[in-house]
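Fold and contact review
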Amino acid sequence: MWNKQMECQPREDLVQLQLERLQATLNRAYRNVPFYHNRFEQVGVEPSHFRSLEDLSRLPLTSRDDLSMNYPYGLFAVPLRDIVRIHSTTGTDVRPTVSGYTRKDLKVWKELVARCLCGAGVGPEDIIQICFDPGLADWAREFKDGAEAMQASVIPMTVMEIPKQIMVMNDYKTSVLVSTPSYLRQIIREMTRMGINPNALSLKRAVLLGETLSQKTRTFLADSLHINIHTAYGLSEVPGPGIAYECNEHDGLHINEDHFVVEIIDPESGAVLPAEQNGEVVLTTLTAQAYPLVRFRTGDRGSITMESCNCGRVFARLRQGRGRTDSQLVIRGVKIHPRLIEGIISQLVQGKKTSYVGFVRRQEELDLLEIWIEVDEDNFSDEIKVLEQLVHRMRQELEQRLGIPARVRLVESMSMAACREHLGRIVDQRTNG
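Here's a quick rundown of the structure. (Residues numbered from 1 in each chain as written. Predicted model: local features only at pLDDT ≥ 70, side-chain atom pairs only at ≥ 80, totals over all residues. Heavy atoms only, no water.)

The next subject is helix α6 (residues 162–171). Of the positions making up α6, those classed as buried are I162, Q165, I166, V168 and M169. Projected onto a plane normal to the axis of α6, the buried residues spread over an arc of 160° and lie on a single side. Downstream of α6 by a residue or two, K173 has a phi angle that is positive, lying close to 65°. (Buried < 20%, exposed > 50% of the residue type's maximum accessible area, 1.4 Å probe, protein only. Helix = DSSP H or I, 4+ residues; strand = E, 2+ residues; numbered from the N terminus. Arc of directions from axis to C-beta.)

This is how it looks when you write it as structure tokens:
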């Protein structure tokens with residue numbers, strides 16, 4: 001099993017390690033990243049001024065817009081020759097967020113994912129099947145690497161229809177499924193349709209991430225498949241899924257505090273909130289060489305508890321909250337900003353003024369994104385073939401850029417009238433649970 005020595009060390013030793021790593025990170029960001037150097041200058045501080053973790057609050061917050069404005073390599077802290085992997089995720093506009101890894105970064109992420117799996121009770125004897133939508137392909141790769149690091153058997157992510165995923169799960173004796181809650185709901189629905197008894201499977205547990213999991217949904221998933229459910233927390237911008245993980249106590253997610261400092265702030269004032277209070281999760285990396293993030297606003301809601309855990313780990317725990325503090329929506333684990341949708345549409349209609357509204361709906365346990373675009377004779381051809389081609393191009397571009405299925409409808413002005421108050425927005429019509 002995974003060595004838990006770091007996770008169970010005395011709290012005072014962990015805090016000292018965090019401070020040392022924070023000082024090293026701030027020095028590297030100050031010296032090598034002009035964006036952060038300017039941030040230090042703006043508030044009149046230097047890395048040497050930071051003598052406690054609480055001093056972090058002296059620095060400004062970093063937003064997703066900041067990441068977009070520094071596209072593609074403006075936030076890299078090492079030369080490109082030291083980067084061994086580059087990946088991108090959807091940003092707040094048409095420019096993606098680009099992040100990178102050094103060889104050491106890859107090693108760290110592999111260890112963090114192995115911790116997540118170990119915390120869920122996964123061991124070398126397990127067979128792990130990874131099922132995500134294409135928009136989370138990078139996370140699928142991280143889990144493959146982490147599972148291999150702990151010598152478990154891995155069935156890597158492959159884009160297949162749900163019935164084939166179930167066939168693989170049954171035939172290959174899958175014992176652990178790594179996925180999102182919405183994907184697992186689809187699997188359960190399809191198993192019911194196919195008449196498959198969950199007791200016939202070798203599945204013992206699922207590790208779920210990408211979406212906030214309510215207790216109602218957790219209970220439904222666990223009871224439907226007769227398995228244990230564990231959750232994990234990650235961000236594509238960091239990049240990686242190994243920020244926090246759930247142990248067998250199921251009482252919050254242990255933050256990998258030797259690699260991250262997590263603050264909870266008031267989303268309106270930016271003030272740091274005390275333990276147990278709910279607010280916005282803010283993240284600072286401690287060991288990322290290529291792509292350090294300092295006080296990054298995640299938009300996720302949550303609170304932190306410092307109470308000791310019966311598992312013996314000293315890491316603080318994150319309790320995730322529902323909803324977000326920004327305009328983004330999470331669809332099948334992928335974060336989508338309305339400005340990104342608007343940018344894609346604008347490119348395809350060659351900058352013509354276009355009104356649109358998006359809807360996210362849940363249909364038969366499947367989250368669907370549908371975009372309505374207002375059609376008028378000034379902006380669109382009245383030829384059916386031309387309009388059909390436009391719809392096809394928009395759907396292809398949305399699916400390619402977002403990594404999730406999308407529908408596009410061209411709607412006449414009269415039909416759009418009822419949606420005027422929602423123009424330029426994505427309306428979430430999913431029910432909670």
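As a further point, take the nonpolar core. Counting 47 residues, the largest nonpolar core has Y36, L59, Y233 and I243 as its most contacted members. Those residues within four positions of Y36 in sequence are excluded, and the remaining contacts are A29, T62, L75, P292, L293 and V294. Listed in part, the 42 residues of the second largest apolar core include V113, V334, Y356 and V408. (Core = buried A, V, L, I, M, F, W, Y, C linked by side-chain atoms within 4.5 Å. Contact = heavy atoms within 4.5 Å.)

On to the state of the cysteines, then. Scanning the model with the defined rule gives zero disulfides in all. Here C116 is not disulfide-linked; the sulfur of C118 is the nearest cysteine sulfur, at 10 Å. A relative accessible area of 2% means that C116 is categorised as buried. Free of any disulfide, C131 has its nearest cysteine sulfur in C116, 18 Å distant. (Disulfide = S-S within 2.5 Å.)

Now for the pairing of strand β8 (residues 240–246). Most of β8 sits inside the fold, with seven of its seven residues counted as buried. Where β8 and strand β9 (residues 253–255) come together, three bridges link them in antiparallel fashion. Following the sheet pairing, A244 is matched in β9 by I255. Between β8 and β9, which pair antiparallel in sequence order, lie six residues; one of them, H250, sits at a positive phi of approximately 55°. (Pairing = 2+ DSSP bridges.)

Turning our eyes to something else, we now look at the packing of helix α9 (residues 338–348) against helix α10 (residues 384–402). Packing of α9 against α10 brings their axes to within 10 Å, and their N-to-C directions diverge by 140°. Between α9 and α10, the angle falls in the class oblique. In the crossing of α9 with α10, the sense of the turn from one axis to the other is right-handed. For the pair formed by α9 and α10, the contact residues are L340, I341, I344, I345, Q347 and L348 on the first element and L390, R393, M394, E397, L398, R401 and L402 on the second. (Axes fitted to C-alpha atoms, helices over the stretch in contact; angles between N-to-C directions. Parallel < 35°, antiparallel > 145°, perpendicular 65-115°, else oblique. Left-handed = near helix turned anticlockwise from the far one by under 90°.)

Moving on, we come to the pattern of salt bridges. Pairs can form between side chains of opposite charge whenever their charged atoms are close. In this structure the tally under the stated criterion is 31 salt bridges. R218 serves as the salt-bridge partner of E246, at 2.9 Å between the closest nitrogen and oxygen. With a gap of 28 residues between them, E246 in strand β8 and R218 in helix α8 (residues 215–225) connect regions that are remote in the sequence. Accessibility assignment for this pair places E246 and R218 in one class, buried. Its salt-bridge partner being E276, residue R319 comes within 3.5 Å of it at the nearest N-O pair. Of this pair, R319 sits in strand β13 (residues 317–324) while E276 sits in the loop between β10 (260–265) and β11 (279–285), placing them 43 residues apart in sequence. Look at R319 and you get partly exposed, because its relative accessible area is 27%. (Salt bridge = Lys/Arg side-chain N within 4 Å of Asp/Glu carboxyl O.)

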